[in-house]
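Summary of the model geometry
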Amino acid sequence: MQPFARGLPRSWHWALRSLPRPSSSKLLTVFPLGWRAASTAAAHSPESTELPQYSYPKYELSEADLNRINFQRNIGVSAHIDSGKTTLTERVLFYTGRIREIHEVRGRDAVGAKMDSMELEREKGITIQSAATFCDWEALSPTTGEKQKYAINIIDTPGHVDFTIEVERALRVLDGAILVLCAVSGVQSQTTTVDRQMRRYNIPRISFINKMDRPGANPWRIIDQIRSKLKIAAAAVQVPIGVEDEFKGVVDLVRWKAIYNEGEKGIELVESDEIPALVIDLAKEKRAELIEQLAEVDDEIADIVLADETPSGHQIAEAIRRATVGLKFSPVFLGSAIKNTAVQPMLDGVCAYLANPAESVVTAHDTRLPHGSPPVPLVPAAEAPLVALAFKLEEGRFGQLTYMRVYQGTLKKGSFIFNARTDRKVKVPRLVRLHSNEMEDIDSIGPGEICAVFGVECSSGDTFTDGSSSFSMTSMFVPEPVISLAIKPQGQETPNFSRALNRFQKEDPTFKVHIDRESKETIISGMGELHLEIYIERMRREYGVVVSSGKPRVAYRETITERVEFYHTHKKQTGGAGQFARVIGYVEPVPFDPENGQDREFVNTVMGGNIPHNYIPACEKGWFEALEKGTLSGNPIVGARMVLQDGSYHVVDSSELAFRIATIAAFREIYSKTKPMILEPLMMVEVVAPGEFQAAVIGSLNARRGTILDSEVRDEEFTCTAEVPLNDMFGYSSQLRGVTQGKGEFSMEYRVSELKRTDGILRRLTCQCYRMCKKSSKRHINRRCLRQRSRYGGREVRLELELGILALRI
Ligand SMILES: Nc1nc2c(ncn2[C@@H]2O[C@H](COP(=O)(O)OP(=O)(O)OP(=O)(O)O)[C@@H](O)[C@H]2O)c(=O)[nH]1
Ligand SMILES: [Mg+2]
């Protein structure tokens, strides 16, 4: 009888609800959805437009669930490039006994860190793919002072902005994070991106100020930056003993103990009640600051402070936990991963202050209800029906490996699971836990855990259930590619070329491939130059396909700027069945919604069946189809909403096709009246270089149409932040190397699409095209130029004349 509860066509649910209520209580749990509402079914007729009401059984966490979940942590390590995430994770794995030896990122032994398992990662010394692992840690509780064993799943993420999707999908499924910051550079551009991603998924975080051994390390400046730039209350829970080369350990401000690392690789942790005289005043001052910061975000501490009392270590620890899990505070730990100092206390902090799987609010959408209906909360009870989310795919030696987070219920090897999107039933042939590129076979996995399954065909973001519910979880935010490149295999094209592209496309939703309709070239699009470079290199190494590529091109977007009404009738009566559809409404600009990443919308407000409801999806489809290509530059249109208010239909001649065409035509007709504009990606660029090169660096950014936002000089270094259009950033790394004698570094993050005056962009597009033409053969010139002319039409020629720029010459 299970099929009743899931995967029914929507119309059947009405039928289901009018079935008699099952008498046995067992059935009630088997059919948790739909049955409860059956008692009120008589009130609804199948034609009723009222939404069905479903109630869901409440699952309580059992004693066994609580014992497991309280000691379970799923955390990510995220931060700016090179802040030491992989180095820190390597220490964590070593201290928890997962690995026997510590290997450095790009170390002299040429082995490389455990989590950077890909050959390219080891060669370049950067993380490209996030890697998952798990470990057990006997954490010392700051409240009880006792040691308790915790199971921790860790995902080490890349810092480079080009691989931002790896951070996005890791944070989508985690319950907490370690935000790593460099003790010298502090909050950098990518730190703010990661911060935004953490906020998007409501992830509590602890901060770890790494590299305390570096000259110029100043944790207090960094804590100020966390407060001012990331806008979250933060305070140190430790103070360092010694600085730079002399950095030996930390004073725990909650437990009031001095902690040192001793033994080989700092494996032994020595605690002392004696706080070194040199830091005692600082420790007292910083403890007072910690209490003061906590009082601002926690009522209990505020009451104690108002009563002129000092909270105990126990009370402080509890308040830190409450405020951190409540996303109001970030406790700051200090250490040096490379010098093996103070990593274990940070791990204790992960267990003590970050949320367990039951503390994160997790909800799902019931697919039987329309979009936008209230979400259903999930409970990580082992007895509840299974709900798991596939968040990452990888093609491996044994077929597709799907990373999953189990939110509710238990996933068992050999069991059958249902894909909520396709409604397909699949068997779980093999279940594993991951340790970077190694795997450990397991038979079952409980709620709140992360695992991987083999041989389950699906897409990234798919929800799996055991078939007794119709839940689907919201997928993650996937940013749009910003850069594209034409590629061609050298020599004969082999099947490996498309095999490689298919695989990369499936694994990485920010990597897209299409064939240009006009030039018939294969175009790959991604998040940056490095992103595409890595895939080209992987094609060579893993598939033996050498490709040649053109110059990277920026992916522009178009947008509308004014609200315009439309009234369009699509009528065709030339032989055969006629076509008739009339659509009335308006289109208007909408801002980008950072919460769900949406910037295109379709709203239907048609009343009284003027357009029958079965034609509305066709209108919606037409609208999104129309947005695929703007007429200004041929790029997709974003930031637009269509509100369909009215229309009319013909009993015989109206069809889905007619309404789809009518919607497309209605928009095309008014597009020029909406005052469309072209958007170009704008990057937030941060350059760090020795002070003497400041003028040269600022000059180089200005020359690239950059707007300097901030410039900060510290000791011998300076940091400069600027906004520069992505199109002007190509080749900047070699220019920066040149002007700073190889001592400058830069990083950039995708900021926002900036509205640029259409004429300016058109001018550049025209110039680009002109240059392209000059280089090509004569025959090609003619074809290319004609195409450009026809694409832009008379409109561009007029603009060019207004601007006084040379028109295209043929
Ligand atoms: N001085 C010092 N250097 C460190 C420390 N931790 C890491 N490093 C160095 O910083 C560099 C980057 O370290 P990684 O661990 O690869 O940094 P990451 O954050 O994983 O980098 P991506 O994954 O590429 O974003 C390496 O050269 C490390 O040796 C530290 O505590 N002190
Ligand atoms: Mg790394």
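Presented here is an overview of the structure given in this document.

Analysis parameters
Residues numbered from 1 in each chain as written. Chains lettered and ligands numbered in written order. Predicted model: local features only at pLDDT ≥ 70, side-chain atom pairs only at ≥ 80, totals over all residues. Near = placed C-beta within 6 Å. Helix = DSSP H or I, 4+ residues; strand = E, 2+ residues; numbered from the N terminus. Nonpolar A, V, L, I, M, F, W, Y, C, P; charged D, E, K, R; others polar. Buried ≥ 20, exposed ≤ 12 C-beta atoms within 10 Å, placed from the backbone. Pairing = 2+ DSSP bridges. Axes fitted to C-alpha atoms, helices over the stretch in contact; angles between N-to-C directions. Contact = placed C-beta atoms within 7 Å. Parallel < 35°, antiparallel > 145°, perpendicular 65-115°, else oblique. Left-handed = near helix turned anticlockwise from the far one by under 90°.

**Focus: the site of ligand 1**
- Around ligand 1, the structure places 23 residues, and the nearest of them are G84, T86, T87, T127 and G159.
- Ranked by residue count, the leading element in the shell around ligand 1 is helix α4 (residues 85-95), at 3 residues.
- Split by residue class, the shell around ligand 1 holds 7 nonpolar, 10 polar and 6 charged.

**A few points about the pairing of strand β37 (residues 707-714)**
- β37 sits mainly on the outside: 0 of its 8 residues count as buried.
- Connecting β37 to the antiparallel partner strand β38 (residues 717-725) that follows it, the hairpin turn spans 2 residues, and D715 within it adopts a positive phi of roughly 30°.

**A closer look at the sheet that holds strand β12 (residues 363-366)**
- Reading across the sheet, the 3 strands line up as β13-β12-β24 and stay open at both edges, with antiparallel pairing between neighbours. Of all the strands in the sheet, just β13 (376-377) and β24 (471-472) have a single pairing partner and so form its edges.
- Bridging between β12 and β13 involves 2 bridges; their strand directions are antiparallel. In the strand pairing of β13, A364 is matched with V376.

**Re the pairing of strand β3 (residues 147-156)**
- Bridge count for strand β1 (residues 72-79) against β3 is 6 bridges, and the pairing is parallel. Each residue of the ladder has a partner; that of Q72, found in β3, is A151.
- Hairpin connection of strand β2 (residues 131-140) to β3: 6 residues between the antiparallel strands, including G145 at a positive phi of 75°.

**A closer look at the sheet that holds β3**
- Taken in spatial order, the 7 strands make up an open sheet running β2-β3-β1-β4-β5-β11-β6, and their pairing is mixed. The two strands at the open ends of the sheet, each matched to only one other strand, are β2 and β6 (233-236). Recorded for the sheet is a direction-independent mean angle of 30° between the axes of neighbouring strands.
- Where β1 and strand β4 (residues 176-182) come together, 5 bridges link them in parallel fashion. Paired with A79 across the two strands is V180, which belongs to β4.
- Of the strands in this sheet, β1, β3 and β4 touch helix α6 (residues 164-173), which is tilted by about 155° from β1.
- Where helix α11 (residues 313-325) meets the sheet, its contacts fall on β5 (205-210) and β11 (329-334), and the angle it forms with β11 comes to roughly 120°.

**Focus on unusual backbone geometry**
- Look at D82: it is not a glycine, yet its phi comes out positive at around 60°.
- Among the structural elements, D82 can be located in the loop between β1 and α4.
- Since 21 C-beta atoms lie within 10 Å of it, D82 is described here as buried.
- We note that L327 has phi near 65°; this positive angle belongs to a residue other than glycine.
- Overall, the presence of 16 C-beta atoms within 10 Å leaves L327 in the partly exposed class.

**What to know about the packing of α6 against helix α7 (residues 189-200)**
- Orientation of α6 relative to α7, taken along the N-to-C sense of each, is 30°, at an axis distance of 9 Å. As the angle between them shows, α6 and α7 are arranged roughly parallel. In the crossing of α6 with α7, the sense of the turn from one axis to the other is right-handed. Between α6 and α7, the contacting residues are T164, V167, E168 and L171 on the first element and T193, V194, Q197 and M198 on the second.

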